[in-house]
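Residues per chain, in single letters:
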Amino acid sequence: VQLVESGGGLVQAGESLRLSCAASGRTFSTYGMGWFRQAPGKEREFVAAISWSGGSKYYADSVKGRFTISRHNSENTVTLQMNSLKPEDTAVYYCAAVLRGSYYAPDSYNYWGQGTQVTVSS
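Analysis parameters
- Residues numbered from 1 in each chain as written.
- Predicted model: local features only at pLDDT ≥ 70, side-chain atom pairs only at ≥ 80, totals over all residues.
- Heavy atoms only, no water.
- Helix = DSSP H or I, 4+ residues; strand = E, 2+ residues; numbered from the N terminus.
- Rg over C-alpha atoms; globule rule 2.2 N^0.38 Å.
- Buried < 20%, exposed > 50% of the residue type's maximum accessible area, 1.4 Å probe, protein only.
- Contact = heavy atoms within 4.5 Å.
- Areas by Shrake-Rupley, 256 points an atom, 1.4 Å probe, with all protein chains shown as cover.
- Lys, Arg positive; Asp, Glu negative; His and termini not counted.
- Charge placed at Lys NZ, Arg CZ, Asp CG, Glu CD.
- Pairing = 2+ DSSP bridges.
- Axes fitted to C-alpha atoms, helices over the stretch in contact; angles between N-to-C directions.
- Core = buried A, V, L, I, M, F, W, Y, C linked by side-chain atoms within 4.5 Å.
- Phe/Tyr/Trp six-rings, centres within 6.5 Å; stacked < 30°, edge-to-face > 60°.
- Lys NZ or Arg CZ within 6 Å of the ring centre and 35° of its normal.

K.L.:
Could you give an account of the overall build of the chain, with specific residues and numbers?
P.N.:
Secondary structure summary: the chain contains zero helices and 11 strands in total. Counting from the amino terminus, the chain carries its helices and strands in the arrangement β-β-β-β-β-β-β-β-β-β-β. For 122 residues, the compact-globule estimate of 2.2 N^0.38 gives 14 Å, and the C-alpha radius of gyration of the chain, at 13 Å, lies within 12% of that figure. Principal axes of the C-alpha set define a box for the chain whose edges measure 40 × 25 × 25 Å. For the chain, with 122 residues in total, the buried portion stands at 44%. Across the chain, every contact between residues at least 6 apart in sequence was considered, and the portion connecting residues at least 24 apart equals 57%. In the form shown here, the chain has an accessible surface area of approximately 6,200 Å², with 47% of it arising from carbon and sulfur atoms. Between the mean site of the 11 positive side-chain charges and the mean site of the 9 negative ones, the chain shows a separation of 6 Å.

Here it is as structure tokens:
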């Protein structure tokens, strides 16, 4: 599975962005999908994840109520709608695919995208 993120950019606090992750491969629908982020000098942290069917979704407390993850298996895409952005959301955002294991742990994930930069100014 190859993953390519898009949609990052520079926005002001309070604005919205929509990140997309396009996956190649016919097995996309068998993978759970997650979004992680990494700010300069910090460890990569979990943001959101969605099960293979889309029936279960998981969010970090810091983004709950502001971010929404969704997937479209027919199009091999997963999106992260980010509303009410804050300066502390500034980071490189990564899309990742997991076959089994914890959705919250980066080590569980089998494939990663190259990342897309999100910068939120105050």
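What follows continues from the structure just given.
K.L.:
Got a sec to walk through the pairing of strand β8 (residues 77-82)? Specific residues and values, please.
P.N.:
Of all six residues in β8, five are buried, a share of seventy percent or more. Pairing of strand β3 (residues 17-23) with β8 involves six bridges; the strand directions are antiparallel. Opposite A22, over in β8, you have T77 as the bridge partner. Note: strand β7 (residues 67-72) against β8, six bridges, orientation antiparallel. In the strand pairing of β8, T68 is matched with Q81. Taking the residues that link successive antiparallel strands as the turn, the β7-β8 hairpin has four residues, and the phi of N76 there is positive, at about 55 degrees.

K.L.:
Quick rundown of the sheet that holds β3? Include the residues and the values.
P.N.:
Judged by pairing direction, the sheet is antiparallel, and its four strands sit side by side in the order β1-β3-β8-β7 without closing on themselves. Looking at which strands have only one partner, the edges of the open sheet turn out to be β1 (3-6) and β7. When strand polarity is set aside, the average angle formed by the axes of neighbouring strands in this sheet is 15 degrees. As paired elements, β1 and β3 share four bridges and run antiparallel to each other.

K.L.:
Mind laying out the nonpolar core, listing which residues take part and the relevant values?
P.N.:
Core analysis: the largest hydrophobic core is formed by 36 residues, its most contacted members being M33, W35, L80, M82 and Y93. Of all elements in the fold, only β3, β4 (32-38), β5 (45-50), β7, β8, β9 (91-98) and β11 (116-121) reach the threshold of two or more residues within this core. It is β9 that contributes the most residues to this core, six residues altogether.

K.L.:
I'd like a description of the packing of aromatic side chains, backed by residues and values.
P.N.:
Within this structure, the stated rule accounts for nine aromatic pairs. Relative to Y103, the ring of Y58 lies with its centre 4.9 Å away and its plane at 25 degrees, an arrangement referred to as stacked. Of this pair, Y58 sits in strand β6 (residues 57-59) while Y103 sits in the loop between β9 and β10 (111-112), and the two are 45 residues apart along the sequence. Residue Y103 is classed as buried on the basis of its relative accessible area of 19%. Members of the aromatic cluster, joined through ring pairs, are F36, F46, Y58, Y94, Y103, Y104, Y109 and W112. Taking the ring centre of F28 as reference, the NZ or CZ of R71 above it sits at 4.6 Å.

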